[in-house]
Amino acid sequence: MLAIDVGGTKLASAIVTADGAISAERRTATPRASDPEELFAALVALAKASVGEGGPPIEGIGVGCGGPMRWPEGIVSPLHIPTWRDFPLRARLADAFGVPCAIDNDAKAFALGEHWLGAGRGARALLGIVVSTGVGAGIVIDGQLVHGASGQAGHLGHVVADPDGPPCECGARGCVEAIASGSALERRGRGEPAAIAAKARVGDAGASRIYVDAGRALGRGIASAAALLDLDRVVIGGGVALGAWDLLEPPLRAELAMRARLAFMRDLRVTRSALGERAGLLGAGKLALDARV
Ligand SMILES: [Zn+2]
């Protein structure tokens with residue numbers, strides 16, 4: 001299967017087989033194209049390089065793409081890719097490669113990938129969280145992705161963490177994403193998340209506070225999700241979380257211990273991603289494999 005991961009900062013493609021082997025990985029920065037066709041051409045060129053190197057002909061395509069999107073039609077308007085608005089990505093990729101294409105939210109693909117081959121293996125009720133520019137998540141219960149009424153299930157980023165917190169891009173206030181996302185950190189710390197983390201590590205009180213608040217917001221969101229869904233595992237990935245896990249983990253765990261008090265929630269395992277940047281690609285491959293049966 002051809003697996004594709006479409007993000008605001010990078011595009012990735014690879015060949016993923018039914019036994020979970022991944023090969024012919026290709027990555028490139030997402031072009032700052034103003035023409036939707038230019039961006040699509042760059043994506044197809046990248047994916048064709050993977051196909052060319054990947055051995056036997058592909059049977060299908062799986063794509064994880066930033067939301068929002070019309071699902072399962074795969075008509076995408078990624079928040080962080082302004083060039084594509086109502087772009088029919090699923091149909092266009094199926095045409096370009098002459099095989100069926102399955103597409104879903106990139107955070108749902110992350111959760112599926114971690115459940116299949118990563119830190120979520122064996123979980124009965126998994127929440128996979130991606131903390132990068134935004135905060136996304138996917139839910140896998142009994143081996144199946146949870147979709148919801150319109151395919152949007154898992155928007156942990158818009159669960160309320162602080163009713164009086166900062167305004168969120170969604171129009172509400174105090175959402176997890178408004179406190180813990182890379183954009184929120186940048187806004188508050190006036191710098192890149194990695195630079196704020198470096199300051200926090202040498203004892204800058206303001207920078208430390210930003211990560212403590214982010215960790216606590218994630219802990220609150222996870223506690224709410226655990227109560228609602230009877231989770232047994234949470235896997236956290238994404239560049240911002242993995243780059244500052246040492247700063248996020250302590251406040252996250254402390255907050256979760258304080259908020260998740262019912263007996264069934266106490267054994268909840270929270271770990272970081274085992275697959276790193278490959279989780280999204282492996283999940284995209286699994287989308288294609290699952291769509292085939
Ligand atoms: Zn929100």
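Our subject is the structure listed above.
Residues numbered from 1 in each chain as written. Predicted model: local features only at pLDDT ≥ 70, side-chain atom pairs only at ≥ 80, totals over all residues. Heavy atoms only, no water.

(A) Inspection of the coordination of the zinc ion at higher detail. Around the zinc ion, the protein supplies His 158 (ND1), Cys 168 (SG), Cys 170 (SG) and Cys 175 (SG) as donor atoms, at distances of 2.0 to 2.3 Å. Coordination geometry of the zinc ion: the four donor atoms subtend angles of 105 to 120° at the metal centre, consistent with an arrangement described as tetrahedral. Taken in sequence order, the residues that donate to the zinc ion follow the motif H-x9-C-x1-C-x4-C. (Donors = N, O, S within 2.8 Å, 3.2 Å for Na, K, Ca; no water. Tetrahedral: all angles 85-135°; square planar, octahedral: opposite > 155°, others 65-115°.)

(B) Helix H2 (residues 89-97), seen in detail. Looking only at H2, the buried set comprises Leu 89, Leu 93 and Phe 97. Each buried residue of H2 sits inside an arc of 45° when the element is viewed along its axis, so together they form one side. Turning to H2, the residues buried within the fold contact strand E1 (2-6), helix H1 (36-53), strand E4 (61-65), strand E6 (75-76), strand E7 (87-88) and strand E8 (101-105). Positive backbone phi, approximately 70°, marks Gly 98, located one or two places after H2. (Buried < 20%, exposed > 50% of the residue type's maximum accessible area, 1.4 Å probe, protein only. Helix = DSSP H or I, 4+ residues; strand = E, 2+ residues; numbered from the N terminus. Arc of directions from axis to C-beta. Contact = heavy atoms within 4.5 Å.)

(C) View of the sheet that holds E6. If you trace the three strands from one edge of the open sheet to the other, you get E5-E6-E7, paired in antiparallel fashion. Edge positions in the sheet fall to strand E5 (69-70) and E7, since each has one partner strand and no second. In terms of strand pairing, E6 meets E7 through two bridges, oriented antiparallel. Across the sheet, Val 76 pairs through a bridge with Phe 87, a residue of E7. (Pairing = 2+ DSSP bridges.)

(D) Region of interest: the nonpolar core. Counting 41 residues, the largest nonpolar core has Leu 127, Ile 129, Val 234 and Ile 236 as its most contacted members. When contributions to this core are tallied by element, the ones reaching two or more residues are strand E9 (125-131), strand E10 (135-141), helix H4 (176-180), helix H6 (193-201), helix H7 (205-229), strand E12 (233-237), helix H8 (239-243) and helix H9 (245-259). Counting residues per element, this core draws most heavily on H7, which supplies 10 residues. Val 234 has contacts with Leu 126, Leu 127, Ile 129, Ile 222, Leu 268, Arg 269, Val 270 and Thr 271, leaving out every residue within four places of it along the chain. Counting 28 residues, the second largest nonpolar core, distinct from the first, contains Leu 39, Ala 47, Trp 84 and Leu 89. (Core = buried A, V, L, I, M, F, W, Y, C linked by side-chain atoms within 4.5 Å.)

(E) Summary view of the sheet that holds strand E2 (residues 10-16). The strand order across the open sheet built from five strands is E3-E2-E1-E4-E8, with neighbouring strands paired in mixed fashion. Either end of the sheet is taken by a strand with one partner, and the two such strands are strand E3 (22-29) and E8. Along the sheet, successive strands turn relative to each other by an average axial angle of 15°, direction set aside. In terms of strand pairing, E2 meets E3 through six bridges, oriented antiparallel. In the sheet register, Val 16 faces E3, and the bridge partner there is Ile 22. Where H1 meets the sheet, its contacts fall on E1, E2 and E3, and the angle it forms with E2 comes to roughly 30°. Sheet contacts for helix H10 (residues 279-292): E1, E2, E3, E4 and E8; angle to E1, the most-contacted strand, approximately 130°. (Axes fitted to C-alpha atoms, helices over the stretch in contact; angles between N-to-C directions.)

(F) Geometry of the packing of aromatic side chains. Applying the stated rule across the entire model yields two aromatic pairs. Measuring from ring centre to ring centre gives 5.6 Å for Phe 40 and Phe 87, while their planes differ by 45°; the resulting arrangement is tilted. A residue pair is termed long-range when its members are at least 10 positions apart, and Phe 40 in helix H1 and Phe 87 in strand E7 qualify at 47 residues. When its relative accessible area of 6% is taken as the criterion, Phe 40 is described as buried. Measuring from centroid to centroid gives 4.7 Å for Trp 84 and Phe 87, while their planes differ by 5°, and the two rings are stacked. Looking at Phe 87, the relative accessible area reads 6%, which means it is buried. Three or more aromatic residues link up through ring pairs in this structure, and these residues are Phe 40, Trp 84 and Phe 87. Positioned above the aromatic ring of Phe 40 is the side chain of Arg 92, whose terminal nitrogen or guanidinium carbon lies 4.5 Å from the ring centre. Over the face of the ring belonging to Trp 116 we find Lys 286, whose NZ or CZ atom lies 5.7 Å from the ring centre. (Phe/Tyr/Trp six-rings, centres within 6.5 Å; stacked < 30°, edge-to-face > 60°. Lys NZ or Arg CZ within 6 Å of the ring centre and 35° of its normal.)

(G) Spatial organisation of the pairing of E2. With six of seven residues buried, E2 lies mostly within the body of the structure. Judged from the five bridges that link them, E1 and E2 form a sheet pairing that is antiparallel. Paired with Val 6 across the bridge in E2 is Leu 11. Remark: three residues form the turn of the hairpin made by E1 and E2, two consecutive strands paired antiparallel. Linking E2 back to E3 in an antiparallel pair, the connection comprises five residues, with Gly 20 at a positive phi of about 90°.

Everything listed is a geometric property; what it means functionally is a separate question.
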